[in-house]
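Analysis of the macromolecular model
Take a look at the letters that make up each chain.
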There are 2 protein chains.
Amino acid sequence: MQTKIDRGILLVISGSSGTGKGTVCNSLRKRRPDLEYSISATTRSPRAGETDGVEYFFLTRDEFKRKIEAGDFLEYADNYGNFYGTPRDKVLELLNLGKTILLEIDVQGAHQVQKNYPDGVFIFLLPPSIEELKRRIIGRNSETEESIQKRLSIVNDELESGKSYNYVVVNDEVERAVDEICAILDAESLKVGRNLNLFDELVKNS
Amino acid sequence: MQTKIDRGILLVISGSSGTGKGTVCNSLRKRRPDLEYSISATTRSPRAGETDGVEYFFLTRDEFKRKIEAGDFLEYADNYGNFYGTPRDKVLELLNLGKTILLEIDVQGAHQVQKNYPDGVFIFLLPPSIEELKRRIIGRNSETEESIQKRLSIVNDELESGKSYNYVVVNDEVERAVDEICAILDAESLKVGRNLNLFDELVKNS
């Protein structure tokens, strides 16, 4: 294998609701246990057994808002009254150690990361077909009719936004999709810009 | 697998003398028999059994020079008095059909292709060490002392030029290097820009 790359990869996996981001990312983590998590910050209260800095960084609303103002998040969102965000400094720290970080986020979050960390590797998951996507969205028993209609209505806009990503992977079969994501990770770690140390060491020894 | 990509990939594998381009490309072709060849043009005379348009396109020096003037080559070189070149039109024709073409060329040739077809995928092969590279160059019985010294003297410049490529692969073990090149090919064929048809088809059917 290559010597360690100069800087880690921020791998962003995103896509419309119903494309199966969660399933794909769980399988990817099993195959690549070296992938790091980014611990999110949130304003929701800790649940029993949750520890600050382990499951989440727990912040007050004022603390969270000050961090938004200061540009301390790669992305954040307000989910039903609670803020959730990805702290920039923690991510950069891991990248500087050469670690690869997996972020599984929705299209709005990925759009913010594109602006705040354009060097990330952005993969857009596509469903095998629009019919299958609609079936998956409607099939979620956990959602209200209103929430389903809202998700369906933004599908086309979300698909359009996928054209600004680096790679596209069709999730027709989870393990095949994970194969493709692994190839992308392997290829990205071979990019010249991530391996300038290799050249310098060879020349130094010549 | 993905549906056919919108446009083929021009895969350029290059590197200093002695990095093992030929061995790597032969093994790559065995694993990926779908890789297309580009037939070179040359001013040297056909040998017994060679057919115009099969092994080479055989041109007169005047024809070749007119094509150089017209910008008809992605790259060309004068090797000991004979011209060799890669015809642009034949390569573009195959790329438009969605074919992937492998070009195995020296650093000077790759530099010309970078200028004439910047959308190519440029892989720089590195030797495991400078000592190994020197050993390989000197070990070629087919070369004169003068030719060996010339090759050794340009190694550092050639390594430096590798920093302008897209990917770097260390050829310490041929099959491992080929694994990495296959990952690069897989990842490149998943680039959004090569799959805009996928998005359009999904939206059309929505």
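This text gives an overview of the structure that appears in the document.

**Considering the overall build of chain A**
- Summing up its helical and strand segments, chain A has 9 helices and 8 strands in all.
- Over its C-alpha trace chain A gives a radius of gyration of 19 Å, about what one expects of a compact globule, namely 17 Å for 206 residues.
- The principal-axis extent of the C-alpha atoms belonging to chain A is close to 70 × 45 × 30 Å.
- Residues counted as buried form 47% of the 206 residues belonging to chain A.
- Across chain A, 28 positive and 34 negative side-chain charges occur, with their mean positions spaced 1 Å apart.

**Topic: the packing of aromatic side chains**
- Considering all chains together, one arrives at 20 aromatic pairs over all chains under this definition.
- Considering the side-chain rings of B:F122 and B:Y165, the 6.3 Å spacing of their centres and the 85 degrees angle between planes classify their relative orientation as edge-to-face. Pair noted here: B:F122 is in strand 7 (residues 121-126) and B:Y165 is in the loop between helix 7 (155-161) and strand 8 (167-170), with a separation of 43 residues, a long-range link. Taken individually, B:F122 and B:Y165 each receive the classification buried, so the pair is uniform in this respect.
- Taken together through their ring pairs, the aromatic side chains of A:F64, A:F73, A:Y76 and A:F83 make up a single cluster.
- Here the guanidinium or amino end of A:R29 rests over the ring plane of A:Y37, the centre of that ring lying 3.4 Å away.

**Brief notes about the interface of chain A and chain B**
- Across the contact, 38 residues belong to chain A and 38 residues belong to chain B.
- For the pair chain A and chain B, the two sides together bury roughly 3,300 Å², of which 70% comes from carbon and sulfur.
- Ranking the residues of chain A by area buried against chain B places A:L190, A:F199 and A:L202 at the top, with a combined share of 20%.
- Linking chain A with chain B are 2 salt bridges, by the criterion used here.
- The partner of A:D200 in a salt bridge is B:K163, with the nearest N and O atoms 3.1 Å apart.
- Across the chain A-chain B interface, the total number found is 6 residue pairs in polar contact (both at pLDDT 80 or more).
- Those elements that place two or more of their residues in the side of chain A that touches chain B are strand 7 (121-126), helix 5 (130-139), helix 7 (155-161), strand 8 (167-170), helix 8 (174-188) and helix 9 (196-204) of chain A.

**Notes on helix 4 (residues 107-116) of chain B**
Residue and element names in this part refer to chain B.
- Among the residues of helix 4, those classed as buried are V107, G109, A110, V113 and Q114. One face of helix 4 carries all of its buried residues, which in axial projection span an arc of 155 degrees.
- Taken together, the buried residues of helix 4 touch strand 1 (10-14), strand 4 (73-79), strand 6 (101-104), strand 7 and helix 7.

**A few points about the pattern of salt bridges**
All names here are of chain A.
- In total, this model carries 26 salt bridges over all chains according to the counting rule given.
- One salt bridge in this structure joins E188 and K191, with 3.1 Å as the shortest N-O distance.
- Via salt bridges that share partners, R31, E175 and D179 belong to a single interconnected network.

**So, the sheet that holds strand 4 of chain B**
Residue and element names in this part refer to chain B.
- Spatial strand order, 3-2-5-4: 4 strands in an open sheet with mixed pairing. A strand with exactly one partner marks an edge of an open sheet, and here the two such strands are strand 3 (57-58) and strand 4.
- Examined bridge by bridge, strand 4 and strand 5 (residues 82-87) share 6 bridges and lie antiparallel to one another. When the bridges of strand 5 are listed, F73 appears paired with P87.
- Relative to the sheet, helix 2 (residues 61-69) contacts strand 2 (41-42), strand 3, strand 4 and strand 5, its axis offset from that of strand 5 by approximately 45 degrees.
- Docked against the sheet, helix 3 (residues 88-96) engages strand 3, strand 4 and strand 5, running at close to 25 degrees with respect to strand 5.

**What about the relation of the copies chain A and chain B?**
- Overlaying chain A with chain B gives an RMSD of 0.0 Å, the required rotation being 180 degrees about an axis along which the chain moves by 0.0 Å. Accordingly, the operation relating the two chain copies is best matched by a two-fold axis. Minimal C-alpha distance to the rotation axis in chain A is attained by A:A183, lying at 2.3 Å.

**What about the sheet that holds strand 7 of chain B?**
All names here are of chain B.
- Read from one edge to the other, the open sheet built from 4 strands follows the order 6-1-7-8, with strand pairing classed as parallel. This sheet does not close on itself; its edge strands, each paired only once, are strand 6 and strand 8. Strand after strand, the sheet turns through a mean of 25 degrees between neighbouring axes, direction not considered.
- Sheet topology note: the strand 1/strand 6 ladder contains 4 bridges and is parallel. Paired with I13 across the two strands is E104, which belongs to strand 6.

**Quick look at the nonpolar core**
- Within the largest apolar cluster, 44 residues are counted, with the highest numbers of intra-cluster contacts made by A:L11, A:I13, A:L28, B:L11, B:I13 and B:L28.
- Apart from the residues lying within four places of it in its own chain, the contact partners of A:I13 are A:K21, A:C25, A:L28, A:L102, A:L103, A:E104, A:I105, A:I123, A:L125 and A:I181.

**Observations regarding the side chain of B:E75**
All names here are of chain B.
- Structurally, the position occupied by E75 is in strand 4.
- Of the side chains with opposite charge, K21 lies nearest to the buried E75, which makes no salt bridge, at 12 Å.
- Separated by 2.5 Å, the side chains of E75 and T86 make a polar contact.
- Those residues in contact with E75 that lie beyond four places of it in its chain are Y84, G85, T86, I105, G109, Q112 and V113.

About the cut-offs
- Per chain, the residues get numbers from 1 upward, laid out in the order the sequence is written.
- By the order in which they are written, chains take letters starting at A while ligands take numbers starting at 1.
- Reporting in this predicted model follows two pLDDT cut-offs: at least 70 for local features of residues, and 80 or more for side-chain atom pairs to be given and counted; totals over whole chains, interfaces and linings ignore these cut-offs and use all residues.
- Note that the side-chain values use all heavy atoms of the structure and ignore hydrogens as well as water.
- A run of DSSP states H or I qualifies as a helix once it reaches four residues; a run of E qualifies as a strand once it reaches two. Both are numbered from the N-terminal end.
- Radius of gyration here is computed from C-alpha atoms only, and the compact-globule reference equals 2.2 Å multiplied by the residue count raised to the power 0.38.
- Three exposure classes are used, based on accessible area relative to the maximum for each residue type with a 1.4 Å probe and protein chains only: buried under 20%, partly exposed in between, and exposed over 50%.
- Residues scored as charged are limited to Lys and Arg (positive) and Asp and Glu (negative), so that His and the chain ends carry no count.
- Just so you know, the charge point we use is NZ for Lys, CZ for Arg, CG for Asp and CD for Glu.
- Only the six-membered ring of Trp is used, alongside the rings of Phe and Tyr, when aromatic pairs are assigned; centres must lie within 6.5 Å, and planes under 30 degrees apart are stacked while those over 60 apart are edge-to-face, with the rest tilted.
- When the NZ atom of lysine or the CZ atom of arginine is within 6 Å of a ring's centre and also within 35 degrees of its normal, the charge is said to sit over that ring.
- Contacts: residue pairs with any heavy atoms within 4.5 Å of one another.
- The term buried area denotes the loss of accessible surface (1.4 Å probe radius) that occurs when two parts are joined, taken as the sum for both partners.
- The salt bridge criterion pairs a side-chain nitrogen of Lys or Arg with a carboxyl oxygen of Asp or Glu, the two atoms within 4 Å.
- What qualifies as a polar contact is a pair of N or O atoms within 3.5 Å, subject to a donor-acceptor requirement within protein and to the restriction that residues adjacent in sequence count only when both atoms come from side chains.
- It is the directions from the helix axis to the C-beta atoms whose arc is reported.
- At least two DSSP bridges between two strands are required for those strands to pair.
- In this analysis, axes come from line fits to C-alpha atoms, helices being fitted only over the stretch in contact, and the angle between any two N-to-C directions falls in the range 0 to 180 degrees.
- A least-squares fit on C-alpha atoms brings the copies together, and the residues used are those whose pLDDT is at least 70 in both copies.
- Buried residues of nine kinds, namely Ala, Val, Leu, Ile, Met, Phe, Trp, Tyr and Cys, make up a nonpolar core once their side-chain atoms join them within 4.5 Å.

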